[in-house]
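Read off the chains here:
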Amino acid sequence: MTKYEKEIYGIITRSTEHLTVEQIYMELKKVYPKVVMSTVYNNVNRLWKARKIHKISVENMPDRYDRIVKHDHLVCQRCGKLADISLEDLTASLREQMDGDFLFYDLKIFYICPECREQEKGL
Ligand SMILES: [Zn+2]
Ligand SMILES: [Zn+2]
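Residues numbered from 1 in each chain as written. Chains lettered and ligands numbered in written order. Predicted model: local features only at pLDDT ≥ 70, side-chain atom pairs only at ≥ 80, totals over all residues. Heavy atoms only, no water.

Caption draft 1: Here's a closer look at the coordination of the zinc ion (ligand 1). Every protein donor of the zinc ion (ligand 1) is accounted for by Cys76 (SG), Cys79 (SG), Cys113 (SG) and Cys116 (SG), and the metal-donor separations fall at 2.3 Å. Each donor residue of the zinc ion (ligand 1) belongs to the same chain, with the gaps between them written as C-x2-C-x33-C-x2-C. Of this pair, Cys76 sits in strand S4 (residues 72-76) while Cys113 is found in the loop between strand S6 (108-111) and helix H5 (114-122), placing the two residues 37 residues apart along the sequence. Given the relative accessible area of 2%, Cys76 is considered buried. (Donors = N, O, S within 2.8 Å, 3.2 Å for Na, K, Ca; no water. Helix = DSSP H or I, 4+ residues; strand = E, 2+ residues; numbered from the N terminus. Buried < 20%, exposed > 50% of the residue type's maximum accessible area, 1.4 Å probe, protein only.)

As structure tokens, then:
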């Protein structure tokens, strides 16, 4: 790993947030003030391709990055906020229903988050 990859990996695995490349960039700047956005993009991509980090893509939202530890996500349909959720591991069930193995699965559960629900009540 390059020094940037190492630092970015640390930022993502330490965070309980789901960070965008921009947020990772802001964090990395605290350690390496001269780093540029394209460097961050390249390093994040390399980490992702090496399957060291997890990418969460939601329509109309910037991609967000997360630690690789298996968990699933609740996605607020209104504000796009992500929350972690742990579901039963589906690996065995999927393998049983498939002819062969698979790479990974990626579950997203859409809902309206508590804050947005509160806001709606206030209207
Ligand atoms: Zn929301
Ligand atoms: Zn997560």
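Still more ground to cover, so stick around.
Caption draft 2: View of the pairing of S4. Within S4, 5 of the 5 residues are buried, which leaves it mostly tucked inside the rest of the structure. The alternating pattern of S4 places Asp72, Leu74 and Cys76 on one face and His73 and Val75 on the opposite face, and all of these are buried. The sheet contact formed by S4 and strand S5 (residues 82-85) spans 4 bridges and is antiparallel. Directly across from Val75, in S5, lies its bridge partner Leu82. Taking the residues between adjacent antiparallel strands as the criterion, S4 and S5 are bridged by 5 residues, where Gly80 takes a positive phi near 80°. Here S4 runs beside S6; their pairing, made up of 4 bridges, is parallel. If you follow Leu74 over to S6, its bridge partner there is Ile109. (Pairing = 2+ DSSP bridges.)

Caption draft 3: Highlighting the pattern of salt bridges. Evaluated as defined, the whole model comprises 12 salt bridges. Lys70 is the partner of Asp72 in a salt bridge, and the nearest nitrogen-oxygen pair spans 3.2 Å. Accessibility expressed as a relative area gives 43% for Lys70, which makes it partly exposed. The partner of Glu115 in a salt bridge is Lys81, and the shortest N-O contact between them spans 2.0 Å. (Salt bridge = Lys/Arg side-chain N within 4 Å of Asp/Glu carboxyl O.)

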